[in-house]
Amino acid sequence: MSLVLNKSETPSVPDATRARILKFAGEMGYQPHHPARMLRRARTMALACVVPDITNPFYPGLVRGVQSVAAPAGYDVLMFDTDGREEGEARAVSWLLQGRADGVVGTFFHLRVPQLSMLAGQSVPIVRLESRYKAAGDLPIDSVYIDNAEASAAMTRYLIERGHRRIAMILAEVGPSRQRALGYAAVMRAAGLVPDVVTDSRYSEESGARAMSEILARGRDRPTAVFCANDMLAIGAMVSARSAGLSVPDDIAIAGFDDIPAAKLLGLTTVRQPEFDLGALAARTLLERLQPGGLNSRGQSRELKFEVMTRSSA
């Protein structure tokens, strides 16, 4: 992409590809920023963390992990909250294109490699927090992840082993919900059970409460267990169930995903993904990229392990 943006003639790039790149750059309002290009020759000694919702307790833990590696190496950490929206992610990329940071750790729900390659083209390495393995590419864009589909499958198997046959899943519209839904549905079908998915807009308590209210409105046909795509959804679901006079887990079991600090306090059964370790691994990967010659190798995916945390809610 940098060839297209920085040169008027690019014979090695097909016309159709060049047109798509220029179209996206125009939509983002991108303009070549010559001072930023000059700054790329020097270090800002800052790393950026792009997150979709800083009020979700998962992400401060991720940022702390980045800081634990960045600070001893002399780097400050800047944070950009996109609100989980495509326009927010585009603004973050536009801001970073001005030479604000040496590397980026990002959770991107909407932007993909073609859009992020503008940063890579300015020698800004990127590490994405992903929901699954991503094949290596030619650009210095790396991934850290847990296997979200398998983690979701493990939680679904646990609920089935507890005797549940009617298990619903509450999802959000973006982010890792798709991979988490895949793991859940695969295990349900393998057990001869019917997947039951309810989707709301965001990974928030409000969305979880709305979705659970919809589930409870079924009356006697409601599921006996609800697996939520993150802990914020699960907390909202617990509030909604208890407000309806139900006992958790006696009347309805509830499980989540992430293992945020409140999960232990609430006795929430959940999937633990090590947000601190993910942030630290992402930062180490960036620092490796920032060493001489580090930008020359292909992108890579690095996996960490999840754990099913069994507590009183399911």
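Just so it is clear, the structure is predicted and the values come from calculations on it, not from any experiment.

Caption draft 1: Highlighting the nonpolar core. In terms of nonpolar packing, the biggest core is built from 73 residues, with Ile170, Met212, Val226, Cys228, Ile252 and Ile254 touching the most fellow members. Beyond its immediate chain neighbours, meaning those up to four positions away, isoleucine 254 contacts Met212, Val226, Cys228, Ala234, Ala237, Met238, Ala241, Val248, Leu268, Thr269, Ser313 and Ala314.

Caption draft 2: How the structure looks around the packing of helix H4 (residues 58-70) against helix H12 (residues 275-289). It is the contact of H4 with H12, at a shortest axis distance of 7 Å, that shows an interaxial angle of 40°. By the angle between their axes, H4 is oblique relative to H12. Here the hand of the crossing between H4 and H12 comes out right-handed. Residues Phe58, Gly61, Leu62, Arg64, Gly65, Val66, Ser68 and Val69 of H4 form the contact with H12, whose participating residues are Glu275, Phe276, Leu278, Gly279, Ala280, Ala283, Arg284 and Leu287.

Caption draft 3: Summary view of the environment of threonine 270. By the element assignment, threonine 270 lies in strand S10 (residues 269-272). A C-alpha to C-alpha distance of 5.3 Å links threonine 270 and alanine 255, two positions 15 residues apart in sequence. Sequence-distant contacts of threonine 270, defined by excluding residues within four places in its chain, comprise Met155, Asp231, Gly256, Phe257, Asp258, Asp259, Ala263, Glu307, Val308, Met309 and Arg311. Here the side chain of threonine 270 touches glycine 256 through a polar contact of 3.2 Å, landing on its backbone oxygen. In terms of polar contacts, threonine 270 uses its side chain to reach the backbone amide nitrogen of aspartate 258, at 3.4 Å.

Caption draft 4: A look at the confidence of the model for the chain. For the chain, mean pLDDT is 90; residues scoring 70 or higher make up 87% of the total. For residues 1-13, every residue scores under 50 in pLDDT, and the model assigns this stretch 26 contacts once sequence neighbours within four places are set aside. Contacts from residues 32-40, a stretch scored under 50 in pLDDT, to residues over four places away or in other chains number 17 contacts.

Caption draft 5: Region of interest: the environment of glycine 137. With respect to the helices, strands and loops of the structure, glycine 137 is situated in the loop between strand S4 (126-130) and strand S5 (141-145). Of the residues examined, glycine 137 reaches a relative accessible area of 29% and is grouped as partly exposed. Taking the C-alpha atoms as reference, glycine 137 lies 9.0 Å from valine 113; in sequence the two are 24 residues apart. Leave out the neighbours within four places in its chain, and glycine 137 touches Arg298 and Gly299.

Caption draft 6: Broad picture of the packing of aromatic side chains. Throughout the structure, instances matching the rule amount to four aromatic pairs. Each ring, one from phenylalanine 80 and one from tryptophan 95, has its centre 5.6 Å from the other, and the planes form 45°; the classification is tilted. Placement of the pair is phenylalanine 80 in strand S2 (residues 76-81) and tryptophan 95 in helix H5 (residues 86-96), with a sequence separation of 15 residues. Consider the rings of phenylalanine 109 and tyrosine 203, whose centres lie 6.1 Å apart with planes at 50°: the pair is tilted. Placement of phenylalanine 109 in the loop between strand S3 (103-106) and helix H6 (113-121) and of tyrosine 203 in the loop between strand S7 (196-199) and helix H9 (205-216) is noted, with a sequence separation of 94 residues between them. Given the relative accessible area of 12%, phenylalanine 109 is considered buried. Take tyrosine 203: its relative accessible area is 12%, and that puts it in the buried class.

Caption draft 7: Representation of the sheet that holds strand S12 (residues 307-309) within the structure. Strand order in the open sheet formed by six strands is S7-S6-S8-S9-S10-S12, with mixed pairing between adjacent strands. On the outer flanks of this sheet lie S7 and S12, each paired with one strand and no other. On average, adjacent strands in this sheet sit at an angle of 20° to one another, irrespective of strand direction. Across the sheet, helix H8 (residues 177-190) lies against strand S6 (167-171), S7 and strand S9 (253-258), angled at about 170° from S6, the strand it touches most.

Caption draft 8: Main features of the pattern of salt bridges. Taken as a whole and judged by the stated rule, the model has twelve salt bridges. Connected through shared salt-bridge partners, Asp83, Arg85 and Arg202 make up one network.

Caption draft 9: Expanded view of the sheet that holds S3. What the six strands build is an open sheet, ordered S2-S1-S3-S4-S5-S11; its pairing is parallel. The open sheet has two edge strands with one neighbour each: S2 and strand S11 (301-303). Sheet twist, expressed as the average angle between the axes of neighbouring strands with direction ignored, equals 20°. As paired strands, S4 and S5 are joined by five bridges and run parallel to one another. Counted as the bridge partner of leucine 129 is valine 144 from S5. In the packing of H6 onto the sheet, contacts are made with S3, S4 and S5, and the angle to S4 comes to roughly 150°.

Procedures and definitions
- Residues numbered from 1 in each chain as written.
- Predicted model: local features only at pLDDT ≥ 70, side-chain atom pairs only at ≥ 80, totals over all residues.
- Heavy atoms only, no water.
- Core = buried A, V, L, I, M, F, W, Y, C linked by side-chain atoms within 4.5 Å.
- Buried < 20%, exposed > 50% of the residue type's maximum accessible area, 1.4 Å probe, protein only.
- Contact = heavy atoms within 4.5 Å.
- Axes fitted to C-alpha atoms, helices over the stretch in contact; angles between N-to-C directions.
- Helix = DSSP H or I, 4+ residues; strand = E, 2+ residues; numbered from the N terminus.
- Parallel < 35°, antiparallel > 145°, perpendicular 65-115°, else oblique.
- Left-handed = near helix turned anticlockwise from the far one by under 90°.
- Polar contact = N/O pair within 3.5 Å; in protein donor to acceptor, adjacent residues only side chain to side chain.
- pLDDT = per-residue confidence, 0-100.
- Phe/Tyr/Trp six-rings, centres within 6.5 Å; stacked < 30°, edge-to-face > 60°.
- Pairing = 2+ DSSP bridges.
- Salt bridge = Lys/Arg side-chain N within 4 Å of Asp/Glu carboxyl O.

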